[in-house]
Amino acid sequence: MDEECSQLLPSVCVVLADSRQPVADDTFLEKFLDWFHTLTKTESSLLLLQKNPCLTELITCVLKLKDPSSSTLSFILRLTGMFAASESCFQYLQRELLNSLFGEAGPLSSALWEEASVRSGWVQGVHSMVQHQSAIHFLCNCGAIDVIFTLQGDLSLFVASAANQLLVHVLTFSLQSFQIKQINIKDCDWPICAQKLIVHLEESLKSNSISRIKQSVKLLTSVFGCCHDLWTEVLWSQLSETIVYLLEKEPVHTGHSLVDLFLSMARSPVFSCPECSLWASVLRALEHLNPAQAGCLAVGVLKLQECPQAVRIQALSVLLQPMDCVLKAASQPLEYPGLLDKSVNDSSTVEALLSCKSSCASLLCQTLAHLEELLYLVTCLPVDLPCISLLKSVVTILQFCIGRATPASSLGHKISRNLIGCFRIQMSTLDLLGAFSDRKNHSLFMGSVSDILLAYLKSPDTSPTVLKKSFQTTLNWLVSLSETASSKDHWQQTQQFFPDLFLVLQKRLCSPCWEVRDSTLEFLTFLVKHLRDCSIFTEEEQFRQVLFSSEVPKLTEALLEDPESYVRASAVMAMGQLSFLPHLISNMPGTENGNDKEKSIVAQLQDILATDSECFPRRAVISVFIDWLRDGHPEVLKDSEQFVSSVLQAVNCDLDWEVKAGGLELAEVFCAQTLGWLSLAGCPYASVLSAATRSAHLSKSLQTFYRVKLFEFLFGALCDCDRPVAQKACNILIALRAELCDENSMKEGPRTDLSRESHGIAWLEKTLRRWISCAEPCPRRGADKAGPRDPNNLLMILGTIDLEGLHRSLNRSSDHIEKSPQSLLQDILATVGTFEENEADCY
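The structure contained in this document is the topic of the report that follows.

Further remarks concern the overall build of the chain. For the chain, the count of helices and strands is 46 helices and zero strands. Considering the chain as a whole, with its 843 residues, one finds that 52% of them fall into the buried category. In the chain, the share of contacts with a sequence separation of at least 24, taken over all contacts with a separation of at least 6, comes to 73%. Counting only carbon and sulfur atoms, one obtains 51% of the accessible surface of the chain, whose full area is about 38900 Å².

On inspection of all chains with the given rule, the structure shows 19 aromatic pairs. Relative to F502, the ring of F498 lies with its centre 6.4 Å away and its plane at 35 degrees, an arrangement referred to as tilted. Taken together, the residues span about one helical turn, with F498 and F502 both in helix α27 (residues 497-509) at a distance of four residues. We classify F498 as buried; its relative accessible area is 0%. Both rings, one in F670 and one in F705, keep their centres 6.2 Å apart while their planes meet at 65 degrees; by these two values the pair is edge-to-face. Of this pair, F670 sits in helix α38 (residues 657-675) while F705 is found in helix α40 (residues 691-707), placing the two residues 35 residues apart along the sequence. The exposure classification of F670 matches that of F705, with both residues buried. Through a chain of ring-to-ring contacts, three or more aromatic side chains come together here, namely F32, W35, F36, F75 and F83.

Here we come to the side chain of R618. Mapped onto the secondary structure, R618 falls in helix α35 (residues 615-631). Apart from the residues within four sequence positions on either side, R618 is in contact with I608, L609, D612, S613, D654, D656 and V659.

In this model, K709 sits at a positive phi of 60 degrees, which is unusual for a non-glycine residue. Examined against the element boundaries, K709 turns out to sit in the loop between α40 and α41 (710-718). Residue class for K709 comes out partly exposed when judged on its relative accessible area of 35%.

All right, on to the environment of E114 then. As for its placement among the helices and strands, E114 is situated in the loop between α7 (95-102) and α8 (116-129). According to the relative accessible area criterion, E114 is exposed, its value standing at 66%. When the C-alpha atoms of E114 and S70 are compared, they prove to be 9.7 Å apart, with 44 residues separating the residues in sequence.

Right, let's talk about the packing of α8 against helix α10 (residues 144-151) for a bit. To describe two helices that pack against each other, one gives the angle between their axes and the distance between the axes. In the contact formed by α8 and α10, the axes pass within 12 Å of each other and the chain directions differ by 130 degrees. Here α8 is positioned oblique relative to α10, judged by the angle of their axes. Crossing of α8 against α10: the hand is left-handed. Across from R119, W122 and V123 in α8, the residues of α10 making contact are A144, V147, I148 and L151. Across the contact of α8 with α10, the residue classes tally to six nonpolar, no polar and one charged.

Our focus in this paragraph is the packing of helix α18 (residues 309-329) against helix α20 (residues 357-377). Closest axis-to-axis distance for the α18/α20 pair is 9 Å, and the angle between their directions is 120 degrees. As judged from the angle between their axes, α18 and α20 are oblique. Crossing hand, α18 versus α20: left-handed. Residues L319, L320, P322, M323 and V326 of α18 form the contact with α20, whose own contacting residues are L363, L364, T367, L368, H370, L371 and L374. Looking at the contact of α18 with α20 residue by residue, the classes come out as 10 nonpolar, two polar and no charged.

How each quantity is defined
Residues numbered from 1 in each chain as written. Predicted model: local features only at pLDDT ≥ 70, side-chain atom pairs only at ≥ 80, totals over all residues. Heavy atoms only, no water. Helix = DSSP H or I, 4+ residues; strand = E, 2+ residues; numbered from the N terminus. Buried < 20%, exposed > 50% of the residue type's maximum accessible area, 1.4 Å probe, protein only. Contact = heavy atoms within 4.5 Å. Areas by Shrake-Rupley, 256 points an atom, 1.4 Å probe, with all protein chains shown as cover. Phe/Tyr/Trp six-rings, centres within 6.5 Å; stacked < 30°, edge-to-face > 60°. Axes fitted to C-alpha atoms, helices over the stretch in contact; angles between N-to-C directions. Parallel < 35°, antiparallel > 145°, perpendicular 65-115°, else oblique. Left-handed = near helix turned anticlockwise from the far one by under 90°. Nonpolar A, V, L, I, M, F, W, Y, C, P; charged D, E, K, R; others polar.

Set out below in structure tokens:
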């Protein structure tokens, strides 16, 4: 602790100990604790108390108060526990003082114990203190263990959770100390504190109180999750019969808690052996828990490499049973008899849940989510999924949701009524259908999959959200088909899908609902962006004919003037991708006037950037321009300097910080291309360039930057009030200075009125204002007159600004001064007596 804080601390302690002078803001106390938490990690707690006796006096004074505030008492409990974590400090504070805080003579017997903040402070203080055996013995002797047992069921969830975590810490710490001494722990060898906890656990698990059982199971879950020592196996052998007995009760009220317990144990290396008794308990749980609870357990154990084969088969059957019931409930061809030849569990329970509208949606949504999770992991897990039949069941669910499935039984009719128009099921099922695209089932696309996707895309009853999900799923399948070389034959068969798809796109682009138009444009953007570089795309004439003979490009261009800004932004992104295609496809019909078309697109996007009143379209335009410059768009390559100059000029007048940040990214790409960063970065021969060649290259680059007014843009961004903009500009300028300000490769220009001392933002802003007042036009190529903004003067300014200092300043937190301990103590003293009823906790 520094000297200034040591001088302020006694006055602060006097204020905190005086109930007549309440502190205005409780957040001061939280920050005070944070400060001491940092101090106790770097300094001796005992020395802190000895050098600052006012802290011990503060604790004593608060204990003597007849009616301290709950916040102050909670603060003292936590502060004392923090100091008592050191065993030497624990002895220094004396048992009497600690017993007055954490024993029966303390807050436990006062009216303030009714305050949840006091109980929470007590638990946190004890938790901090239990870092040595002296604290463990103290808890056992002062009756604190029984208090913690009671707080497990506290009405405050925060207190109950903290009490549970405290018991976990006490049990693991007490046994950890004994293990270090290599004592063989058997049933009769548990330490006294651990014995109390285990007896409490056994009594709670055998009680008729569901809440007590859940608390104990939750405690065991945390113990097995955080501790992987051998004594946990001994603990399980002692409690396993009691826990398994809970599965025999009807109904199993603690199902979810038991699932968490079994999964926590299954992930522990102590129980990974296939012969471990845990797996027998898991099998019984899969049989006795209801389908929803068993499904969570099943997907959890299937993700474990150590899961025994018998458990894996049972778990997979649990997950597939709801899908099997749905598949059998609809009329199916003979090649799809079902997912399970013989149901491991009684299917009557699952059928009853599927017959009820509320439970049907809940069970299927959960099952679909679990199967989707497994599909993404199946390549690295020993799980053999029946993909073809499972995919058919997924399509069947989607058919039920829009009334296209034919029920084959009374259960089928009930499922049909429950699923028709069900938004939740449609979304979950489409997610799973999209996951199947990664399984390379390409032969299955043409047929039921493409048919059901087109049905959802065409249906007027499809909600905008479900339509968006349908587009995403369709995109997943098309991308997967195009990426695999072996799928070329399947891709050619898929060409039959595109005419129908583009008819749907034309219809959806004219929808009165803006969300539909927006989703359609997004789909078109991602599809073209992915496919325009694919070999399959460039080889297939049929796809090109379908795309450019449709009205989709014209409708997309028309949506650049849509009244909704989100749609205009999406239209900009789509046109940005479509504008590449004529240059990739030489034989595309109607390309004779393609260049004029592209010019009009560029002009429209520049007009949007300069005039659109909403920020989203402007952000989209700058994003498209960055892609064009980076990917070498033909229209940009015609005159990249003019393109960059016009864009930077428009961005410089924009008030949206994200547009400015995009302009800086475009400037960074232009700098990289001009200086050769992109081409020379990984070149092993770049270092052999002669000094003369390098100097000439840098001189040419500097002239280019001068013509596009790059430095004026970067200097202006460096002075911007938005920190992200200024930070990015500073980073670019530092990189440029490293390249350009090299005395060996660049002749020093005229010094004018610039000095060699470093300058900051104020000087730069003054210089920029002087430039603007001069209103000097940017000279054309070949002009030899050097004004105040000629290239060499710009270079001198670049070398004069203290960019490193600005970089440090911009990266520093805005409240770095206010966060200091000294400022905190001064604030506490300054706000004494300013208590208001309208407090706000902003910590």
